[in-house]
Amino acid sequence: MRTMPGMPRPAFTRSLLAPRHWPAWLGVAVIWLIARLPQRALSWLGRRLGALVLRTPSARRHIAQTNIALCFPELDAPGRAALVDANLRDIGMMLVEFALGWMGSDRRMADIPTRIEGLQHLEAARAQGRGVLLVGGHFSHLELCARLVSQRIRIAGMYRRMDSAVFEWVVLRARLHYAAAMFDKDDIRGTVKYLRNGGTLWYAPDQDMRSKDTVFVPFFGIPAATITATHHLARMSGAVVIPFFHRRLPDGQGYALRLGAPLEGFPGTDVLADTARVNACIEQMVREAPEQYLWVHKRFKTRPADEPAIY
C-alpha cells in the first residue's frame, strides 16, 4: 500500500469533546453556518464585518498604517488613509472567505466565477517531469483561492500547526479534502521528496517568521527579514519556481488567478539574490491589489542590527 505524502488525515479522539474545547466547537459551528450562506448574504456579511473592523479600535490599524506609510511613500496622507481603510474593510471579506474555503461544498466552489491564466507554464514543467513551487503572498483570500486553483490542478501546501486542537483537527481535514498533501513547515525532507516526484506546492514566504534561515532583502525598498526556503527547496528538488497571484474582482465577479512565467536561472548561486527576486515578485503582486494584502501582519518586526523597532 502506497504511503501518502505529508501529514496524515487527523483522527478524531474523544478528548476533543472535553468541556475546555466547547468554545472552539462553537466557533467551528459558526464558520460552518457562514459557509452555507448564499453568495449575496455572504458578501453582505463580509462588508458588515469589514465595517465593524474599521470602526473598532485595535492594534491592527496602527500596524497597517505603519506598513502602508513605509511601502507607499508616494501616496499623500489622504491616499494612505484611504488605503488603510480599504484594507481594514477587506478583513471582513477575509473572514467569510476563510469560512468558505474551509467548509464550502464542492458544488459551491464550482459556482464561484474563477479565471485562471498561465496554466501552460505549469503544464510545460510537468511535461519535463519537474516539480513546481507556486510562490505567492499572504492576500486575504489565499485560503479560498488555494481551493479554487485546486479544482484545476493538484497542489500541496505548507502547514503551520494551530494552537487549538479542535481547529487543528477541523482545518487540516478541510485542507486535505482538496489538497494533494499538506506538509508541516519543518518537514523539509518530505517536501523535497514530493517536489522531486513532480508535485506542485503552493508556498508563501512573505511573512516575518523570526527564523534563523532568514536574510535581509528589500521589500518595497525596506530591508525585510525573509526566509530563504524558496532558494533551498528549488536547489534541493530541482523544482521550477512559478509566481502565483490571485485577486478578488470587483462587484461579485469572482476571482482572477495567474501563474506567471517560471523564474529563469532560479535558483542561482547567491541565496541573497534569489530571495530578493522572490520579494520583488511578491511586491509586484501587491501593487496590483494593495488593499487585499495582509498589511496587518508585522512584516518588518525583525530589524537589522542597530536599527530601531518599527512598530
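Residues numbered from 1 in each chain as written. Predicted model: local features only at pLDDT ≥ 70, side-chain atom pairs only at ≥ 80, totals over all residues. Heavy atoms only, no water.

As recorded by an unreviewed UniProt entry, the protein chain carries the name Lipid A biosynthesis acyltransferase and is attributed to Rhodanobacter glycinis. What UniProt records for the protein chain under Subcellular location (unreviewed entry) is the sentence "Cell inner membrane". (UniProt positions renumbered as here; feature names shortened; annotations may be inferred.)

1. Some details on the pattern of salt bridges
Inspection of the entire model under this criterion finds 13 salt bridges. The closest approach of N and O atoms between arginine 115 and glutamate 117, which form a salt bridge, is 3.5 Å. Here glutamate 283 and arginine 287 are joined by a salt bridge, their closest N and O atoms 3.2 Å apart. Note that glutamate 283 and arginine 287 are positioned in helix α11 (residues 271-288) at a spacing of 4 residues, about one turn of the helix. (Salt bridge = Lys/Arg side-chain N within 4 Å of Asp/Glu carboxyl O. Helix = DSSP H or I, 4+ residues; strand = E, 2+ residues; numbered from the N terminus.)

2. Some words on the packing of helix α7 (residues 142-150) against helix α8 (residues 165-178)
Packing of α7 against α8 leaves a shortest axis separation of 9 Å and a crossing angle of 30°. Classed by the angle they form, the pair α7 and α8 counts as roughly parallel. Taking contact as the criterion, the partners of Glu143, Ala146, Arg147 and Ser150 in α7 are, on α8, Arg175, His177 and Tyr178. Taken together, the residues of the contact of α7 with α8 sort by class into 2 nonpolar, 2 polar and 3 charged. (Axes fitted to C-alpha atoms, helices over the stretch in contact; angles between N-to-C directions. Parallel < 35°, antiparallel > 145°, perpendicular 65-115°, else oblique. Contact = heavy atoms within 4.5 Å. Nonpolar A, V, L, I, M, F, W, Y, C, P; charged D, E, K, R; others polar.)

3. Looking at the packing of helix α3 (residues 59-71) against helix α4 (residues 77-103)
Where α3 contacts α4, the two axes come as close as 10 Å, and the packing angle between them is 130°. The orientation of α3 relative to α4 falls into the category oblique. Judged by the sense of rotation from one axis to the other, the crossing of α3 with α4 is right-handed. Side by side, α3 and α4 meet where Arg60, Arg61, Ala64, Gln65, Ile68 and Ala69 of the first sit next to Arg80, Leu83, Val84, Asp85, Asn87, Leu88 and Ile91 of the second. Among the residues making up the contact of α3 with α4, the classes are represented as 7 nonpolar, 2 polar and 4 charged. (Left-handed = near helix turned anticlockwise from the far one by under 90°.)

4. So, helix α10 (residues 229-237)
All buried positions along α10 are accounted for by Ala229, Thr230, His231, Leu233, Ala234 and Ser237. The inward-facing, buried residues of α10 abut β2 (132-135), α9 (188-196), β5 (200-203), β7 (222-227), β8 (240-248) and α11. One or two positions beyond α10, positive phi appears at glycine 238, with a value near 75°. (Buried < 20%, exposed > 50% of the residue type's maximum accessible area, 1.4 Å probe, protein only.)

5. Concerning the packing of aromatic side chains
Applying the stated criterion to the full structure yields 14 aromatic pairs. Aromatic side chains phenylalanine 139 and phenylalanine 245 sit 5.5 Å apart centroid to centroid with 70° between the ring planes, which places their arrangement in the edge-to-face category. Placement of phenylalanine 139 in the loop between β2 and α7 and of phenylalanine 245 in strand β8 is noted, with a sequence separation of 106 residues between them. For the pair phenylalanine 139 and phenylalanine 245, one class covers both residues: buried. Judged by centre distance (6.3 Å) and plane angle (50°), the ring pair of phenylalanine 219 and tyrosine 293 falls under tilted. Within this pair, whereas phenylalanine 219 is found in strand β6 (residues 214-219), its partner tyrosine 293 is found in the segment after α11, the two being separated by 74 residues in sequence. Linked through ring pairs, Phe72, Phe139, Phe219, Phe220, Phe245, Tyr293, Trp295 and Phe300 together constitute an aromatic cluster. Against the face of phenylalanine 219 rests arginine 299, its NZ or CZ located 5.5 Å from the ring centre. (Phe/Tyr/Trp six-rings, centres within 6.5 Å; stacked < 30°, edge-to-face > 60°. Lys NZ or Arg CZ within 6 Å of the ring centre and 35° of its normal.)

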